Amino acid sequence: MSSSLAIERDNIRKLFPDTFNQAKKSRIKGQIIFFLILIYLIIGFFTLDVVDIPKKWKPQNAAMFVLDTYAHKDHVTMKWENPDDIKIAFEGNYRSVYGRDNLDKSIPEWFYKKSDNIGNVIEFNNEGKAILYKDRVEIVNFPKYERDFTIKLNANGKPYVVGSEDLAKDDLKGFRITENRVEFRPTLHERVQVYPKKVEIHRYSIGWKYFWFDFSSPLEPYSFFEALGLTFSKERVVPEMSNLKLFLTEIKDNEAFMHGRVWWAMLETIVMAVLGTMFATVMALPLSFLAAYNVTPIKALRFTLRRLFDTLRGIDFLIWSLIFLRAFGPGPFTGIFAIGFTDTGTLGKLYSEAIENTEKKQQEGVQSTGASKFLQHRFGIIPQILPIFVSQSLYYLESNTRGAVIIGAMGAGGIGLQFLGALGTGNDFENVAYMAILVLAVVIFMDRLSAWLRRILIGSDQLIVR
Amino acid sequence: MSKALPANLEQIEVNLKKLTNQRTRSSLLGIAILILVFFSGTLVSLEANAGSFGRGIANFFNYPRDLFIDTFEMGWKYWPRVVKYIPELITTLNIALFSTSIGFVLAVIFAIFSSRNLIRNKRVIQFTKFFMDVTRSFPTLIIAMVFLYLMGKSSLPAVIAITIHTAGALGKLFTEAIENCDGKPIEGLSSVGATWTQKIRFSVLPQVLPLFLSYGILRLEINVRESTILGFVGAGGIGEMLAALIQWNYGADVLACMFLLVGTIIALDYLSAYWRHNLIGVNQ
């Protein structure tokens, strides 16, 4: 069987030598291209220092970043010179201190006096405890640790772990001891630091605390839905304003997550994308007619417009936004015009190609009734290209939303700038995560919206090219 | 005959009128919504913008004019300046090309795992599609900023960000290409007992490869723009240089960088249209 097949193949090969040679040639060409790409990838690998990723990657930084995006922490601080004054502050913020007189904020239940009434206990979520005394810190009851530890200050005022010289290195895992600091961090969620001057304890819990109402808000004791329920009650939480107004202003003016500012910035970004796309559509519509050969007989005009589209598109929105930033200052106008100018080029090119690809018969049909040139275009061309126009513009709306975020970050304002600011503070990573999620949600929403509009307007959510 | 028509014609006319009215109504509604969006958007912009709109229009040509004046003052000494920034441009192109290549490979893998005609398991398809949606929807800038923060200044964050975005964006297009390809060659190969990999290699790949390459070239063009922008926030290349020059107010050098960029983008535009034309016959 196999031998007869082989004979057949040889015969075919003899009969059609050209076909086989061509296949061989194109295969060799493909292989050469493949190897060239491979060589480039190797070059790129070294020129772009991809090998350095493990070196540059700081796992500690990344872990802290990720930790802060989903968790919050409370700081407990005790100064050695005044051990009775223990401060408990949310995220270490001096304005968010628990148990202050002017704020009706009681001490959290994980902080309490020990039964001997001398030590102050901080209980972590893993049931480990740090106990603060006037002269020492005790670390007790940590899971996976067989013994408890005591940290004291020596005669020179430097911190040390009592009995550490007798302990093996393995027993001291989780400790980082330098001359001026003893740090105990068994997992990322518990951290005890002892300095010559003070003790600072970070206690992490999972979740975004104070997401709806910030630390000092009168509505903070209530959950979101409780507070929502309160808006229907007549009894005012604060005498100055109605509960509904309080509810809204407290969410808007939240100091930690800044909902009001973030949402306003998001709105700015959306406005940039929507108005920019509208601007481009309105500009490109007449220009594309003038650039299409079946509408405009003047060759010079067509050529000029084509090159204009190329230039508008070639000057990327990065450069447009730099120019407009100088003219309009930071704000949505910069974004609107940068997006509008770039996309006038893109849409103009696509539209004029669509016009050139229209069926000529319909126009001829209208012409046969003695209609004027204008009416021929109105009833012969526009019905054919309208779905394409709508489809293209809506398609660009989604990508422009992403573009507007980027323009914002380069100085035009909006959510991009807020994001940059939050990242720059170096510790508000929950805000960074919040804004990233918000951007993601809005981009996906715009994507769905434009697909939905395309479906109800032209019956198909696929991008129609021609 | 002419007697029989009127009743029918009347009916047709009534229907036509109804339809026209309906269309006019929905068109008017659409236009009203557009105008509403336009005006509310303008109000938001006027509220949020730092400078006034009128002054902005008046100032529009100031900056470009300053740049050109700076350039003309330099005279012939200008051209060496332009050449000076070519290495930076090459870095930017390198970032774009490298991350497009890696993203392309990842996108092919994603697309295979999210195509209904290649994978039977619905869970796998849904998960891959969702994953691609997420990677595609993040602006590259956001990913790059986070990695810049974590890894310090270098080109790597840009490479990572563009690769992630490219994998998602191309993956979606590739999935559509694979799902729309002709099923008969797959059937033919199934009938002679080809394995799954053989089916992909000999029936799907030859059909979709030109389309893939065409999409890839289009992506490369977009990614050159992206890598310039990422340079602007500190990922190296001509973008970073441009940001610095703008800060120092070196008008002539700014214009040199802009010329290089615009020239490259326009050249790539034509080149990619030409390549794609060669690959699939039409420039989609």
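Visitor: Explanation requested: the overall build of chain B in the structure shown.
Guide: Tallying secondary structure elements over chain B gives twelve helices and zero strands in all. Ordered by position from the N terminus, the helices and strands of chain B form the series α-α-α-α-α-α-α-α-α-α-α-α. Over its C-alpha trace chain B gives a radius of gyration of 27 Å, far above what one expects of a compact globule, namely 19 Å for 284 residues. In terms of principal-axis extent, the alpha carbons of chain B reach across some 85 × 65 × 35 Å.

Visitor: Is there a simple way to explain the sheet that holds strand β3 (residues 111-113) of chain A in this structure?
Guide: Sheets are built from strands paired through backbone hydrogen bonds, the pairs being either parallel or antiparallel. Residue and element names in this part refer to chain A. What the six strands build is an open sheet, ordered β3-β4-β5-β6-β7-β8; its pairing is antiparallel. Taken across any chain shown, the strands that pair with only one partner, and hence form the sheet edges, are β3 and β8 (159-161). Taken over all neighbouring pairs, the strand axes of this sheet differ in orientation by 20° on average, direction set aside. Looking at chain direction, strand β5 (residues 129-132) and strand β6 (residues 136-140) are connected through four bridges and run antiparallel. Within β6, the position partnered with L132 by the bridge is V137.

Visitor: Would you mind going over the domain arrangement of chain B with me for this structure?
Guide: It is common to give the size of an interface as the accessible area lost on bringing the parts into contact. Taken domain by domain, chain B comprises domain 1 (5-59) and domain 2 (76-280). The distance between the C-alpha centroids of domain 1 of chain B and domain 2 of chain B comes to 38 Å.

Visitor: I keep staring at the domain arrangement of chain A and nothing clicks. Help me out?
Guide: Partitioning chain A into structural domains gives domain 1 (72-206), domain 2 (209-250) and domain 3 (259-458). The centre of domain 2 of chain A, based on its C-alpha atoms, is set 41 Å off from the matching centre of domain 3 of chain A.

Visitor: It is not clear to me how the packing of helix α5 (residues 86-113) of chain B against helix α8 (residues 156-179) of chain B should be interpreted in this structure. Could you clarify?
Guide: Helix-helix packing is described using two parameters, namely the angle between the two axes and the distance between the axes. Residues and elements named next belong to chain B. α8 packs onto α5 with a crossing angle of 40° between their chain directions and a minimal axis gap of 7 Å. Classified by the angle between their axes, α5 and α8 sit oblique to one another. As for the relative orientation of α5 and α8, their crossing is right-handed in sense. Its residues assigned to classes, the contact of α5 with α8 shows 17 nonpolar, seven polar and no charged.

Visitor: For this particular structure, what's the right way to read the interface of chain B and chain A?
Guide: Residue-level contacts link 50 residues of chain B with 54 residues of chain A. Looking at side-chain class alone, the side of chain B that touches chain A contains 32 nonpolar, 15 polar and three charged residues.

Visitor: Looking at this structure, I do not really get the pairing of strand β1 (residues 71-79) of chain A. What am I missing?
Guide: For a regular strand, side-chain orientation follows a simple rule: the groups alternate between the two sheet faces. Residues and elements named next belong to chain A. Of the pairings in the sheet, the one linking β1 to strand β12 (residues 198-206) comprises nine bridges and is antiparallel in character. Residue pairing in the sheet places M78 in a bridge with V199 of β12. Here β1 runs beside strand β2 (residues 82-90); their pairing, made up of six bridges, is antiparallel. What sits directly across from M78, in β2, is I86. Connecting β1 to the next strand, β2, in antiparallel fashion are two residues.

Visitor: Help me out: how do you make sense of the sheet that holds strand β9 (residues 175-178) of chain A in this one?
Guide: All names here are of chain A. Spatial ordering of the open sheet is given by β2-β1-β12-β11-β10-β9, a layout of six strands whose pairing is antiparallel. Looking at strand neighbours, the two that pair on one side only are β2 and β9, the edges of this open sheet. Strand-to-strand twist across the sheet, computed as the mean angle between neighbouring axes with direction ignored, equals 10°.

Cut-off values and rules
Residues numbered from 1 in each chain as written. Chains lettered and ligands numbered in written order. Predicted model: local features only at pLDDT ≥ 70, side-chain atom pairs only at ≥ 80, totals over all residues. Helix = DSSP H or I, 4+ residues; strand = E, 2+ residues; numbered from the N terminus. Rg over C-alpha atoms; globule rule 2.2 N^0.38 Å. Pairing = 2+ DSSP bridges. Axes fitted to C-alpha atoms, helices over the stretch in contact; angles between N-to-C directions. Domains from an automatic or database assignment. Parallel < 35°, antiparallel > 145°, perpendicular 65-115°, else oblique. Left-handed = near helix turned anticlockwise from the far one by under 90°. Nonpolar A, V, L, I, M, F, W, Y, C, P; charged D, E, K, R; others polar. Contact = placed C-beta atoms within 7 Å.

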